[in-house]
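Letter by letter, the chains look like this.
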Amino acid sequence: MTTTINSQRDSIRYRSRLLQPEKERSAGTHPLTWRLRDDGAAVWLDEYLRKDGYQSVRKALGQGDPRAIIATLKEANVRGRGGAGFSAGLKWSLTLQGGDMPRGYLICNADEMEPGTFKDRLLMEQQPHLLIEGMILGAYANNARFGYIFLRGEYLESARVLNRALQEARDAGWLGPDIDGSGFDFDIVVHSGAGRYICGEETALINSLEGKRANPRAKPPFPGQSGAWGKPSVVNNVETLCNVPAVILHGADWYQGLSGDRTDDGGSKLYGVSGPVHRPGLWELPMGTTGQEILDLAGGLRDGHTLKAWLPGGASTGFLLPEHLELPLDFDTVGKEGSRLGTGLLTVVPDSQSMVALMGNLEAFFARESCGWCTPCRDGLPWTVKLLQALEQGKGEPGDIELLDKLAADCGPGLTFCAHAPGAAMPLQTALKHFRHEFEQGISRSRGPAHQDAIPLGSV
Amino acid sequence: MAATDATTGIIGSDAFRLHADDEQAMRQEVHHFEQPRAACIEALKIVQRRHGWVPDGAIPAIARVLGVGPGDVEAVATFYSLIFRQPVGRHVILVCDSSSCFLSGFAELKQALVTQLGIDYGQTTGDDRFTLLPVCCLGACDGAPALMIDDDTYGPVTPGDLPGLLEEYP
């Protein structure tokens, strides 16, 4: 009896997985995932070393020129995979170092909480040494003395795998003093969080790391000038750091070649799809792969649905339409369409879905996760939720949609300390642009008592 | 009942003694950072692992270990969603209510939980067995709808899976 129940429980246990078998992946074309095993087990140190592991560290530390790492990253045009797409090489070139500057920190942002995003979990759970290798290169290039992996509290399996891999790396001399005989010393600890989406914002993350509330900080100074405990600090996403070893090992031209003539953004990307499709999942594909190609890999929509709209990379990106499926998904192209590539994991909205209800869900998320530091975000988002819920119930009042426009505009870039409010505004503004008639249908002819109700946060 | 300690002026430090092992674990954690305060979140989690939640008296106790004011510890304790400042059940269910789950059957799953447990968000069953809470995107979107029970992540979970699954958490 126990066996039966256990097998039922295990059958619905969530496991991170890549939907490309080993035989379809190679070192030359799939730098992020070629080492992953079909059985989904973690690649530990012995196997990692057999598969060219830590060779980039040997090469870079052997050459002894940290600046060369940054130059190669810049030339390869590695753009931040956490969602913002900022040039990783440029970010590293701005870190203060040398002279009497103290050595700072290399922080991996592993606080994966963007709704619709499940890529960093795979890299950490199945291939922890690639992240460690990337962090060593990052530390060397930025003269960081210590590294933190800022991991969301719910990723317990990631924590277990990373901690075991860190110990393996330490025991083998890839972490600690005098790494690989280079004289360079560096070590890493996993810092496990305790919830709150805002911790993924890099300055809020630093406050959280310091044991404070995760409110964002004013910029400048940027973390590279004054970050954790006032020291130069570099914050990079998991996938970004996982890109670095292969770039250093194979060079900028090779990396640029991975995406061919699809886009100027180099390399490959973990793309994915979630929502009502036949095969939701993750694939490593050339940068600039189109939405249609990715949706086809996911087998298209299920249950006879057709595509109404899609988010290209998480809840804080703007809605795109079926006509945008032919565009290459790179940072600049998606940006020109009034959205953002974000994390590159598509969320699919079926034709049967009310956009007003979906926006209610999205904005309730942003309202709940606001840290409360800035007024447009703290007060504007619950107000937005209230208006959306009234519209969903057909109890909206004349002027509500214009009010939504204004609340979203007040959350725009530059009006708050961080990108949380602009992230909440973008899906709302694009939904209002593309599906305004659905919102208009929620307005009752006369003014009613709906807006006097308590703000119904949490009752999604 | 919360009481005021005459010597410290700390409210609510009622009969809480920090376990020696926990204090030791906190002092270990401090070594990872430039300043002891950074161990605050981990210290709260250490207390929570033993007690299930963070009792009032733990706040000044942690503050003493880290050398900061109790207000600083409380500010952190009340900010983070996975730190519980009220008692919770023996098992905590975190239901992902983010967009991918919302589009993949979250509403039915949540309703089934509410019906079977007889509680809503923020509540604990009468037998102190389960507490139900929402959580933001669990990063299991290819397994939506997803939920966590204690340390275990499940997905996709259908309402029909629930009776057998909940049975596993006595």
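Each chain carries its own residue numbering, running from 1 in the written order of its sequence. Labels are handed out in written order, letters beginning with A for the chains and numbers beginning with 1 for the ligands. Note on the predicted model: pLDDT of at least 70 is required for a residue's local features to be given, and 80 or more for side-chain atom pairs to be given and counted; whole-chain, interface and lining totals, by contrast, use all residues. Values reported for side chains reflect all heavy atoms of the structure, with hydrogen atoms and water molecules removed beforehand.

### A closer look at the pairing of strand 1 (residues 104-110) of chain A
Where a strand is regular, its side chains alternate between the two sheet faces.
All names here are of chain A.
For step 1, the next point in the chain: In this scheme, a residue with accessible area under 20% of its type's maximum is buried, one over 50% is exposed, and one in between is partly exposed, where area comes from a 1.4 Å probe on protein chains only. Secondary structure elements follow DSSP: runs of H or I no shorter than four residues count as helices, runs of E no shorter than two count as strands, and numbering proceeds from the N terminus. With seven of its seven residues buried, strand 1 lies for the most part within the structure.
For step 2, the next point in the chain: As defined by bridge partners, strand 1 adjoins strand 2 (residues 144-151) across seven bridges and the pair is classed as parallel. Paired with Gly-104 across the two strands is Ala-144, which belongs to strand 2.
For step 3, the next point in the chain: Paired strands, in this sense, are two strands between which DSSP finds at least two bridges. Taken together, the five bridges between strand 1 and strand 4 (residues 233-237) define a ladder with parallel strand orientation. When the sheet's bridge partners are listed, Leu-106 is paired in strand 4 with Val-234.

### Points about the domain arrangement of chain A
All names here are of chain A.
For step 1, the next point in the chain: Domain annotation for chain A reports domain 1 (2-257), domain 2 (259-350) and domain 3 (355-440).
For step 2, the next point in the chain: Centre-to-centre, using C-alpha coordinates, domain 2 lies 24 Å away from domain 3.
For step 3, the next point in the chain: Should any heavy atoms of two residues lie within 4.5 Å, those residues are counted as being in contact. With 12 residues of domain 2 at the interface, the matching set in domain 3 holds 13 residues.
For step 4, the next point in the chain: Note on definitions: buried area is the accessible-area loss of two parts on being combined, 1.4 Å probe, summed for both. Carbon and sulfur atoms supply 77% of the area that domain 2 and domain 3 bury against each other, a total of about 1,000 Å² over both sides.
For step 5, the next point in the chain: When the area that domain 2 buries against domain 3 is broken down by residue, the three leading residues are Lys-308, Ala-315 and Phe-319, summing to 51%.
For step 6, the next point in the chain: The working definition used for a salt bridge is a side-chain nitrogen of Lys or Arg within 4 Å of a carboxyl oxygen of Asp or Glu. Taken together, the connections running from domain 2 to domain 3 amount to one salt bridge.
For step 7, the next point in the chain: Whenever two N or O atoms come within 3.5 Å, that pair is a polar contact, provided that in protein one can donate a hydrogen and the other can accept it, and provided that, for residues adjacent in sequence, both atoms are side-chain atoms. There are two residue pairs in polar contact (both at pLDDT 80 or more) connecting domain 2 and domain 3.
For step 8, the next point in the chain: Under the convention adopted here, Pro, Cys and the residues Ala, Val, Leu, Ile, Met, Phe, Trp and Tyr are nonpolar, Asp, Glu, Lys and Arg are charged, and Gly plus all remaining residues are polar. Tallied by class, the residues present in the side of domain 2 that touches domain 3 amount to five nonpolar, five polar and two charged. Each domain span listed reflects an automatic or database assignment of domains.

### Re the pairing of strand 1 (residues 91-96) of chain B
Residues and elements named next belong to chain B.
For step 1, the next point in the chain: The element strand 1 is extensively covered by neighbouring structure, given that six of its six residues are classed as buried.
For step 2, the next point in the chain: What you see with strand 1 is no split at all: His-91, Ile-93 and Val-95 on one side and Val-92, Leu-94 and Cys-96 on the other are buried throughout.
For step 3, the next point in the chain: As judged from the six bridges shared by strand 1 and strand 2 (residues 130-135), these two strands associate in the parallel manner. Bridge pairing in strand 2 places Ile-93 opposite Leu-132.
For step 4, the next point in the chain: Pairing analysis gives three bridges linking strand 1 to strand 3 (residues 147-149), with the strands arranged antiparallel. Counterpart to Val-95 in the pairing with strand 3 is Leu-147.

### Some details on the domain arrangement of chain B
For step 1, the next point in the chain: Taken as a whole, chain B is organised into domain 1 (10-79) and domain 2 (91-167).
For step 2, the next point in the chain: Look at where the C-alpha atoms of domain 1 of chain B and domain 2 of chain B centre, and you get two points 29 Å apart.

### Remarks on the interface of chain B and chain A
For step 1, the next point in the chain: Each side of the interface is counted separately: chain B has 49 residues, and chain A has 64 residues.
For step 2, the next point in the chain: With both sides pooled, the region where chain B packs onto chain A buries about 4,800 Å², and carbon together with sulfur makes up 56% of that total.
For step 3, the next point in the chain: Of all residues in chain B, Phe79(B), Leu103(B) and Asp142(B) bury the most surface against chain A, accounting for 16% of the area lost on that side.
For step 4, the next point in the chain: At the junction of chain B with chain A, the criterion picks out five salt bridges.
For step 5, the next point in the chain: Residue Arg9(A) pairs with Glu168(B) through a salt bridge whose shortest N-O separation is 2.9 Å.
For step 6, the next point in the chain: Our count for the chain B to chain A interface comes out at 28 residue pairs in polar contact (both at pLDDT 80 or more).
For step 7, the next point in the chain: Counting only elements with at least two residues in the side of chain B that touches chain A, the list comes to helix 2 (40-51), helix 4 (70-77), helix 5 (99-102), strand 2, strand 4 (152-154) and helix 7 (162-167) of chain B.
For step 8, the next point in the chain: Among the elements that make up the side of chain B that touches chain A, the one with the highest residue count is helix 2 of chain B (four residues).
For step 9, the next point in the chain: Considered class by class, the residues forming the side of chain B that touches chain A number 26 nonpolar, 13 polar and 10 charged.

### Description of the sheet that holds strand 4 of chain A
All names here are of chain A.
For step 1, the next point in the chain: Spatially, the four strands line up as an open sheet ordered 3-2-1-4, and their pairing is parallel. This sheet does not close on itself; its edge strands, each paired only once, are strand 3 (187-192) and strand 4. Direction aside, the axes of adjacent strands within the sheet are offset by 20° on average.
For step 2, the next point in the chain: Between N-to-C directions, angles cover 0 to 180 degrees, with each direction set by a line fitted to C-alpha atoms, over the stretch in contact for helices. Docked against the sheet, helix 10 (residues 238-250) engages strand 1 and strand 4, running at close to 95° with respect to strand 4.

### With respect to the packing of aromatic side chains
For step 1, the next point in the chain: Pairing of aromatic side chains requires ring centres within 6.5 Å, counting the rings of Phe and Tyr and the six-membered ring of Trp. Pairs whose planes differ by under 30 degrees are stacked, by over 60 edge-to-face, and all others tilted. Tallied over the full model, the rule gives 16 aromatic pairs over all chains.
For step 2, the next point in the chain: Between Phe79(B) and Tyr80(B), the aromatic rings sit 4.9 Å apart at their centres with planes inclined by 70°, giving edge-to-face as the arrangement. The residues Phe79(B) and Tyr80(B) share a single accessibility class, namely buried.
For step 3, the next point in the chain: Through pairs of rings, three or more aromatic residues link up here, namely Tyr105(A), Phe146(A), Tyr148(A), Trp229(A) and Phe33(B).
For step 4, the next point in the chain: Here Lys110(B) stacks its cationic end above the ring of Tyr121(B), 4.0 Å away from the centre of that ring. Ring-over charges, as used throughout, are those where CZ of Arg or NZ of Lys falls within 6 Å of the ring centre and within 35 degrees of the ring normal.

### A look at the sheet that holds strand 4 of chain B
What links the strands of a sheet is backbone hydrogen bonding, and the strands pair in either a parallel or an antiparallel sense.
Residues and elements named next belong to chain B.
For step 1, the next point in the chain: Across the sheet, which stays open at both edges, the four strands sit in the order 2-1-3-4 with mixed pairing between neighbours. With partners counted over all chains shown, the strands left at the sheet margins are strand 2 and strand 4, one partner each. Each strand of the sheet is rotated relative to its neighbour by a mean of 20°, with strand direction disregarded.
For step 2, the next point in the chain: Across the face of the sheet, helix 6 (residues 106-117) comes into contact with strand 1, strand 2 and strand 3 while running at roughly 155° to strand 1.

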